[in-house]
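What follows is the residue order along each chain.
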Amino acid sequence: MIDPRPLAIVTGASSGIGYELARCCAAHGFDLLIAADEPAIEEAANRLRLLGADVRAVQADLATRAGVAALHAAVGERPIDALLANAGHGLGKAFLDQDFDELRHVIDTNITGTIDLIQRVGRGMRARGTGRILITGSTAGFVPGSFQAVYNGSKAFIDSFALALRNELKGSGVSVTCLMPGATNTGFFERADMLDTKIAQSDKDDPADVAKDGFEAMMKGDSDVVSGWKNKLTTALASVTPAELLAEQHRRMAEPGSARR
Ligand SMILES: NC(=O)c1ccc[n+]([C@@H]2O[C@H](COP(=O)([O-])OP(=O)(O)OC[C@H]3O[C@@H](n4cnc5c(N)ncnc54)[C@H](OP(=O)(O)O)[C@@H]3O)[C@@H](O)[C@H]2O)c1
């Protein structure tokens, strides 16, 4: 039987930008396979079903190969029309003060698990000659992130990887788009233990607006989108600012206690 509706996988869809990306997909006629690590993914699935989509939820730690394999296995034989690889998290404080297992989980989620899933799904898309991949990178990838050094490094990897993969898939029928949000109003900063930083206390973008930008760019097949005009300006300036100065500016925003200065 041919499914009349396209299928999208959205990772990190229990909250924030990922939940809003899943909402965009559902509103545009996609069925959904959504994933996150905590039981909240089931509540997100229930809310998304109200939009008329067929929604399945998988609870899996996408920092592990077993978690990624479980998500991929849940697809079964149905072709995947869109992969929105969005799951990720940060970790504040100075690198030497971070717990190694925690910082490794950032790398394993944001980089290893993300590219593992993209490779598994991307091979099927290439074989069928069609598909859309949206990867959530970050404007953080443009800046050496003092007091979030591993996170910013992980997003520099993702921003670069997405554009390289896009080029490799030129002419294959598979498009790759990188969504690069700036600071966005989600649970991100609390989870990263950064609530006492200036960046966590600053004005932030609405995750629904960010997701809309990403979804539209993916549907157009654009290469990348920096969400919001302020972030477009910041990233343009970052490309002509000495890296040492960028690292110092990041310290002022992300150093523990900076919210009180
Ligand atoms: N908020 C910002 O300022 C900002 C800016 C630029 C880019 N981003 C990126 O945007 C993406 C979404 O973040 P957000 O801001 O929307 O934060 P969020 O509300 O905390 O959402 C993160 C999502 O990723 C999931 N996730 C994290 N680690 C996971 C793992 N190992 N396995 C499975 N799921 C995992 C979370 O699920 P669980 O709770 O179940 O773990 C949650 O659904 C991330 O890639 C982030 O780096 C955020």
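The model shown is predicted, which means the values in this text are computed figures rather than measured ones.

A. Structural context of the pattern of salt bridges. Applying the stated criterion to the full structure yields 12 salt bridges. A salt bridge links Glu-20 to Arg-23; the shortest N-O distance between them is 3.4 Å. Of this pair, Glu-20 and Arg-23 both sit in helix H1 (residues 16–27), three residues apart, roughly one helical turn. You can call Glu-20 buried: its relative accessible area is 18%. For the salt bridge of Lys-220 with Asp-222, the shortest nitrogen-to-oxygen distance reads 3.8 Å. The class of Lys-220 is exposed, set by a relative accessible area of 62%. Residue class for Asp-222 comes out partly exposed when judged on its relative accessible area of 30%. Salt bridges linked by common partners bring Glu-248, Arg-251, Glu-255 and Arg-261 together as one network.

B. Examining the site of the ligand more closely. Surveying the vicinity of the ligand reveals 33 residues, the closest of which are Ser-14, Glu-38, Tyr-151, Thr-186 and Arg-191. In the environment of the ligand, a nitrogen atom lies 2.8 Å from a nitrogen or oxygen atom belonging to the side chain of Asp-61. Within the side chain of Lys-155, an N or O atom sits 2.9 Å from an oxygen atom of the ligand. Expressed as a share of its isolated accessible area of 880 Å², the protein-covered part of the ligand is 95%.

C. Region of interest: a nonpolar patch on the surface. The grouping of Trp-229, Leu-233, Leu-237 and Val-240 at the surface amounts to a nonpolar patch, some 490 Å² of accessible area in total. Position of Trp-229 relative to the elements: it lies in helix H9 (residues 229–238). Exposure remark for Trp-229: the relative accessible area of 63% places this residue in the exposed category.

D. Layout of the sheet that holds strand S7 (residues 224–226). The parallel open sheet is built from seven strands, whose spatial order is S3-S2-S1-S4-S5-S6-S7. Looking at which strands have only one partner, the edges of the open sheet turn out to be strand S3 (55–59) and S7. Strand-to-strand twist in this sheet, taken as the mean axis angle between neighbours without regard to direction, amounts to 15°. Both strand S4 (residues 82–85) and strand S5 (residues 131–136) contribute to a ladder of four bridges, which runs parallel. Across the sheet, residue Leu-84 finds its bridge partner in S5, namely Leu-134.

E. Quick peek at the pairing of S5. Here S5 lies mainly inside the structure; five of its six residues are buried. Relative to strand S6 (residues 174–180), S5 runs parallel, the two sharing six bridges. Looking at the pairing, Ile-133 lines up with Val-176 of S6. What joins S5 to S6 is helix H5 (residues 149–168), and the crossover it makes is right-handed.

F. Looking closely at the packing of aromatic side chains. Following the criterion strictly, the structure yields four aromatic pairs and no others. With a centroid separation of 6.0 Å and an interplanar angle of 15°, the aromatic rings of Phe-157 and Phe-161 are classed as stacked. Placement of the pair is Phe-157 and Phe-161 together in helix H5, with a separation of four residues, close to one helical turn. A relative accessible area of 34% places Phe-157 in the partly exposed class. With a relative accessible area of 22%, Phe-161 lands in the partly exposed category. The ring of Tyr-19 has Arg-47 sitting right over it, with the charged end atom 4.6 Å from the ring centre.

G. Expanded view of helix H10 (residues 243–254). Given a rise of 1.5 Å per residue, 12 residues ought to cover 16 Å, and the 16 Å separating the end C-alpha atoms of H10 matches this to within 8%. If you check which residues of H10 are buried, you get Leu-246, His-250 and Ala-254. Viewed along the axis of H10, the buried residues span an arc of 55°, placing them on a single side of the element. Where the residues of H10 are buried, they touch H5, helix H7 (198–201) and H9.

H. Examining helix H8 (residues 207–220) more closely. With 14 residues, H8 extends 20 Å from end C-alpha to end C-alpha; this agrees with the ideal 20 Å at 1.5 Å per step. What H8 keeps buried is the set Pro-207, Val-210, Ala-211, Gly-214, Phe-215, Ala-217 and Met-218. Buried positions in H8, seen along its axis, are confined to an arc of 165° and lie on one side of it. Those residues of H8 hidden inside the fold are in contact with H1, S4, S5, S6 and S7. The backbone nitrogen of Ala-208 has a side-chain oxygen 2.8 Å away, supplied by the residue at the start of H8, namely Asp-206. Just past H8, the residue Gly-221 takes up positive phi, approximately 80°.

How each quantity is defined
- Note that residues are indexed from 1 along each chain, following the sequence as it is written.
- Given that this is a predicted model, residues contribute local features only at a pLDDT of at least 70 and side-chain atom pairs are listed and counted only at 80 or more, while totals for whole chains, interfaces and linings are drawn from all residues.
- Excluding hydrogens and water, the side-chain figures rest on all heavy atoms present in the structure.
- Salt bridges are defined by distance alone: a side-chain nitrogen of Lys or Arg within 4 Å of a carboxyl oxygen of Asp or Glu.
- Comment: elements are numbered from the N terminus, with helices defined as DSSP H or I runs of at least four residues and strands as E runs of at least two.
- Burial classes follow relative accessibility: with a 1.4 Å probe on protein chains only, a residue under 20% of its type's maximum area counts as buried, one over 50% as exposed, and anything between as partly exposed.
- The criterion for a residue being near a molecule or strand is simple. One of its heavy atoms has to lie within 4 Å of it.
- Whenever two N or O atoms come within 3.5 Å, that pair is a polar contact, provided that in protein one can donate a hydrogen and the other can accept it, and provided that, for residues adjacent in sequence, both atoms are side-chain atoms.
- Here, Shrake-Rupley sampling with a 1.4 Å probe gives the accessible areas, and only protein chains in the shown set may cover a residue.
- Within this analysis, patches are made of residues with over 30% relative accessible area and no salt bridge. Like charges are joined at 9 Å or less; nonpolar side chains (Val, Leu, Ile, Met, Phe, Trp, Tyr) at 5 Å or less.
- At least two bridges found by DSSP between two strands is the condition for calling them paired.
- Inter-axis angles, ranging from 0 to 180 degrees, are taken between N-to-C directions of lines fitted to C-alpha atoms, where helices are fitted over the stretch in contact.
- Throughout, right-handed denotes a crossover for which the path from the first strand over the helix to the second runs clockwise when the strands point away from the viewer.
- Any two rings among Phe, Tyr and Trp, with Trp reduced to its six-membered ring, count as a pair given centres within 6.5 Å; such a pair is stacked if its planes are under 30 degrees apart, edge-to-face if over 60, and tilted if neither.
- We count a charge as sitting over a ring when the NZ of a lysine or the CZ of an arginine lies within 6 Å of the ring centre and within 35 degrees of the ring normal.
- One less than the number of residues in a helix, times 1.5 Å, gives the span that helix is expected to have.
- The arc refers to the directions leading from the helix axis to the C-beta atoms.
- Two residues qualify as a contact provided that any one of their heavy atoms is within 4.5 Å of a heavy atom in the partner residue.

Geometric values such as these leave the question of function open.
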